[in-house]
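# Descriptive structure summary
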Amino acid sequence: MEREQYEHLSALGKEDLIRLIEIYSKNWLALDGVWFQSVERKRGMDEAMEHDAEAWRRFTVIEARRIKTFLGLPEHAGLEGLAAALRLRFYANLNTARIGREGDTLVYTMTECRVQTARARKGMPYHPCKPVGLLEYGLFAQTIDDRIRCRCASCYPDVTDPDCCCKWVFTLDAADEK
C-alpha cells in the first residue's frame with residue numbers, strides 16, 4: 001500500500017480511516033439508492049427491481065470474492081467464514097445487525113436498515129427487498145462456500161418478525177458436507 005496514490009491515506013490515523021470508511025459506505029449506499037429511485041420514478045417499481053436484481057447478481061459475487069480473499073478464507077469456509085464475511089460487507093457498518101447460531105444454522109438479523117428508514121423519512125413506500133435479498137444473500141453465501149444455502153425468514157413485503165427489518169437463515173447443505 002505504499003504506492004504514491006495512497007500517501008494521503010497513510011498519513012491518516014485509525015479514527016480518521018474509520019470515519020472515511022463510513023463516508024465511503026454512505027456514498028456507495030447513496031449511489032445505490034439514487035440510481036434505483038431514478039428508474040423507479042421513470043419506469044416504475046417492477047423495472048427498478050429488475051435492474052436492481054441484475055446489479056446485485058453481479059455485485060454481490062464481486063464483493064464476496066474480494067472479502068473472501070481479504071480474510072484468506074478457504075474454498076469451503078463454512079458458516080463461520082460466512083459470519084466473518086457478512087461483518088465486512090460494504091453496508092455492514094451502516095446498518096445494525098446480529099449474527100447468531102441456532103444449531104446448524106447461521107441467522108443474520110438486520111434490526112435497523114438505512115434504506116427502509118430513508119424511504120420512510122421521505123414518505124416513500126418500503127422497498128420490497130425480499131426477491132433481491134434472496135438473490136443477494138444467497139449468491140454472497142455461495143461465493144463464500146458453495147455448500148451454503150440461504151432462505152428468508154422475514155423481509156418486506158413478507159414480514160414474519162416485526163422486531164427486525166429482515167432475517168436470513170443460512171445452512172450448510174448436508175449432502176455436500178462430506
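The preceding data block contains the structure.
Residues numbered from 1 in each chain as written. Predicted model: local features only at pLDDT ≥ 70, side-chain atom pairs only at ≥ 80, totals over all residues. Heavy atoms only, no water.

## Topic: the overall build of the protein
Along the protein, the regular secondary structure elements total six helices and four strands. Mapped from its N terminus to its C terminus, the protein presents α and β elements in the order α-α-α-α-β-β-α-α-β-β. The C-alpha atoms of the protein give a radius of gyration of 17 Å, which matches the 16 Å a tight globule of 178 residues would have. Considering only C-alpha atoms, the protein reaches an extent of 50 × 50 × 30 Å along its principal axes. Looking at the protein residue by residue over its 178 residues, the buried ones come to 39%. The contacts of the protein with a sequence gap of at least 6 include a subset with a gap of at least 24, amounting to 59%. (Helix = DSSP H or I, 4+ residues; strand = E, 2+ residues; numbered from the N terminus. Rg over C-alpha atoms; globule rule 2.2 N^0.38 Å. Buried < 20%, exposed > 50% of the residue type's maximum accessible area, 1.4 Å probe, protein only. Contact = heavy atoms within 4.5 Å.)

## Focus: the packing of helix 3 (residues 45–71) against helix 6 (residues 130–144)
Where helix 3 contacts helix 6, the axes come no closer than 8 Å and their chain directions differ by 20°. In terms of orientation, helix 3 and helix 6 fall into the roughly parallel class. Crossing of helix 3 over helix 6 shows right-handed handedness. In this structure, helix 3 contributes Met 49, Asp 52, Ala 53, Trp 56, Arg 57, Thr 60, Val 61, Glu 63, Ala 64, Arg 65, Ile 67 and Lys 68 to the contact, and helix 6 contributes Pro 131, Val 132, Leu 135, Glu 136, Leu 139, Phe 140, Thr 143 and Ile 144. Here the residues of the contact of helix 3 with helix 6 are counted per class, giving 12 nonpolar, two polar and six charged. (Axes fitted to C-alpha atoms, helices over the stretch in contact; angles between N-to-C directions. Parallel < 35°, antiparallel > 145°, perpendicular 65-115°, else oblique. Left-handed = near helix turned anticlockwise from the far one by under 90°. Nonpolar A, V, L, I, M, F, W, Y, C, P; charged D, E, K, R; others polar.)

## So, the pairing of strand 2 (residues 105–112)
Most of strand 2 is tucked away, with six of its eight residues classed as buried. With seven bridges connecting them, strand 1 (residues 96–102) and strand 2 associate as antiparallel partners. The residue bridging Gly 100 from the neighbouring strand is Val 107, located in strand 2. Adjacent in sequence and paired antiparallel, strand 1 and strand 2 are bridged by two residues, among which Gly 103 carries a positive phi angle near 65°. One ladder, built from six bridges, connects strand 2 with strand 4 (residues 166–172); its direction is antiparallel. (Pairing = 2+ DSSP bridges.)

## Details of the side chain of Asp 32
Topologically, Asp 32 is positioned in helix 2 (residues 14–43). No salt bridge is formed by the buried Asp 32. Its closest oppositely charged neighbour is Arg 119, at 9.3 Å. Apart from residues no more than four positions distant in its own chain, Asp 32 is found in contact with Asp 52 and Trp 56. (Lys, Arg positive; Asp, Glu negative; His and termini not counted. Salt bridge = Lys/Arg side-chain N within 4 Å of Asp/Glu carboxyl O.)

## Some details on helix 6
Count 3.6 residues to each turn of an α-helix, and residues three or four apart come out pointing the same way. Its 15 residues give helix 6 an end-to-end C-alpha distance of 21 Å, which sits within 8% of 21 Å, the value for a rise of 1.5 Å per residue. If you check which residues of helix 6 are buried, you get Val 132, Gly 133, Leu 135, Glu 136, Tyr 137, Gly 138, Phe 140, Ala 141, Thr 143 and Ile 144. (Expected span 1.5 Å × (residues − 1).)

## A closer look at the packing of aromatic side chains
Applying the stated rule across the entire model yields nine aromatic pairs. Where Tyr 126 meets Tyr 156, the ring centres are 5.3 Å apart and the plane angle is 65°; that geometry is what we call edge-to-face. Of this pair, Tyr 126 sits in the loop between helix 5 (114–121) and helix 6 while Tyr 156 sits in the loop between strand 3 (148–155) and strand 4, placing them 30 residues apart in sequence. Among the residues examined, Tyr 156 registers a relative accessible area of 29% and is labelled partly exposed. Three or more aromatic residues joined by ring pairs make a cluster, and in this case those are Trp 28, Trp 56, Phe 59, Phe 90 and Tyr 91. Of note, Arg 89 hangs over the ring of Tyr 137, and the distance from its end group to the ring centre comes to 5.5 Å. Directly above the ring of Phe 140 sits Arg 89, whose terminal nitrogen or CZ lies 4.2 Å from the centroid. (Phe/Tyr/Trp six-rings, centres within 6.5 Å; stacked < 30°, edge-to-face > 60°. Lys NZ or Arg CZ within 6 Å of the ring centre and 35° of its normal.)

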